[in-house]
Amino acid sequence: MAASVLFLSTTLLLLLANSFHILEGRLIKPPAKPRFKSHGPYNVAHRGANGEFPESSIAAFKRAIENGADFIETDIGSTRDGVLICMHDTTLDAVTDVAQHPEFAHKKAMYVDEGVNVTGFFAVDFTLQEIKTLRLRQRYDFRDQSYNGLFEIPTFEEYIAVALEADRVVGIDPEIKSPFFINKHVKWPGGELFEDRFVKTLLKYGYNDPYNSQKWLKQPVFIQTFAPTSILHIANKTKSPKIFALGPADALAQDTKLPYSHYYTDEFLDFIANYVTALSTKKFLIVPMDSSHKNLPATDFVERAHVRDLLVQTATFSNEAQFMARDFAADPEQEFDYFIRKVHADIILADHPATLSHYLK
């Protein structure tokens with residue numbers, strides 16, 4: 001009897017601890033976070049504030065939150081021992097100091113990645129312990145290099161923690177990156193796939209609610225991928241909203257080997273609308289440019305998505321003139337205005353979320 005009472009008392013204290021802080025012996029309920037907005041346009045920090053800090057670093061995620069981002073975005077890859085990490089490329093060469101680590105020289109390899117022979121240091125050949133000895137660096141030489149060598153590669157769980165520990169509701173927008181390649185090179189017990197581990201991680205932290213539901217507004221998430229088979233694989237594993245990302249029409253999907261032109265058809269959009277909340281593509285695929293980098297008329301991509309009640313995510317917006325059409329006179333706020341007011345994009349991926357925040361205000 002005494003043991004049962006002790007167990008119940010301990011359980012009650014644990015439950016209370018999840019909802020209250022203990023201050024000077026009293027249980028104090030923390031203040032509620034401000035309500036998350038229930039509609040776009042959403043400001044999504046592309047790999048964090050990567051226009052300032054090395055991409056997908058904890059510093060980039062935290063700065064994006066300081067800059068007013070609604071969501072922090074990152075790509076998710078895997079280590080050899082099956083730990084999910086924040087990494088866009090399959091190789092580590094472009095954004096880490098791996099080449100300066102002689103102890104890893106033997107790991108340089110050549111693999112076929114999306115039909116192309118690629119040589120480099122692949123994350124799938126490194127354990128998490130080895131990955132954590134590397135340091136991130138800025139991808140582009142025209143951006144600030146002063147933070148190179150200061151930050152390590154975060155895990156998926158460390159990225160989630162940044163959003164959950166923020167002093168306001170901040171969403172996450174992780175991408176299931178290169179699933180065909182990762183499932184070929186990394187094996188999990190019980191025949192699990194990369195997609196299974198990805199969803200399990202989100203479920204562990206309470207992400208499992210439909211778009212714009214009351215629970216989703218407290219922990220917003222979008223799950224995105226360029227692989228249509230990954231969308232179908234996770235369809236019944238999570239209720240979280242999903243985004244299908246489309247590449248150029250003549251590019252091949254890494255999993256089905258079909259050209260993306262197949263996925264732009266009305267028939268496929270009708271089909272995938274049963275499984276996703278949004279579509280995503282590059283801004284120049286929505287508003288093409290001519291040979292002089294002037295805008296051509298917008299395609300009907302956004303209209304076709306909206307007719308099917310799908311949101312549209314558009315990538316990627318940067319402050320630098322070389323990433324903009326000449327029409328915008330190197331002014332990122334003109335570009336935001338065009339894509340939000342004229343094109344009607346719902347989700348904007350920005351390298352400089354502070355600039356988008358300023359425009360939205």
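Note that this is a predicted model, so its numbers are computed, not measured. (Residues numbered from 1 in each chain as written. Predicted model: local features only at pLDDT ≥ 70, side-chain atom pairs only at ≥ 80, totals over all residues. Heavy atoms only, no water.)

A. Expanded view of the nonpolar core. With 48 residues, the main nonpolar core has Ile72, Ile172, Phe198 and Ile347 as its most contacted residues. The contacts of phenylalanine 198, once residues within four sequence positions are left out, are Ile76, Leu84, Phe156, Pro174, Glu175, Ile176 and Ile223. The next biggest cluster of nonpolar side chains, apart from the first, holds 32 residues, and it includes Leu246, Ile272, Phe336 and Val343. (Core = buried A, V, L, I, M, F, W, Y, C linked by side-chain atoms within 4.5 Å. Buried < 20%, exposed > 50% of the residue type's maximum accessible area, 1.4 Å probe, protein only. Contact = heavy atoms within 4.5 Å.)

B. View of helix α6 (residues 194-204). Phe194, Glu195, Asp196, Phe198, Val199, Thr201 and Leu202 are the residues of α6 that are buried. Directly after α6, the chain includes glycine 206, whose backbone phi takes a positive value near 85 degrees. (Helix = DSSP H or I, 4+ residues; strand = E, 2+ residues; numbered from the N terminus.)

C. Molecular detail of a nonpolar patch on the surface. A contiguous nonpolar patch, built from Leu232, Phe271 and Tyr275 and spanning about 250 Å² of accessible area, is present on the exposed surface. Within the secondary structure, phenylalanine 271 is located in helix α9 (residues 266-272). (Patch = residues over 30% accessible without salt bridge, like charges linked within 9 Å, V, L, I, M, F, W, Y side chains within 5 Å. Areas by Shrake-Rupley, 256 points an atom, 1.4 Å probe, with all protein chains shown as cover. Salt bridge = Lys/Arg side-chain N within 4 Å of Asp/Glu carboxyl O.)

D. Inspection of unusual backbone geometry at higher detail. Here the amide bond leading from glycine 40 into proline 41 is cis, since omega sits at 5 degrees, within 30 degrees of zero. Structurally, the position occupied by proline 41 is in the loop between β2 (26-28) and β3 (42-45). Cis peptide bonds are those with omega within 30 degrees of zero, and the linkage from alanine 315 to threonine 316 qualifies with -15 degrees. Following the sequence through the fold, threonine 316 ends up in strand β12 (residues 311-317). Non-glycine residue arginine 47 carries a positive phi angle of around 55 degrees. Although it is not a glycine, alanine 329 adopts a positive phi angle of roughly 50 degrees. Position of alanine 329 among the secondary structure elements: in the loop between β12 and α12 (332-342). Overall, alanine 329 belongs to the exposed group, its relative accessible area being 58%.

E. Examining the environment of alanine 69 more closely. In this fold, alanine 69 is placed in the loop between α2 (58-66) and β4 (71-78). C-alpha of alanine 69 to C-alpha of valine 170: the two residues are 101 residues apart in sequence and 7.6 Å apart in space.

Purely geometric numbers; function is a separate question.
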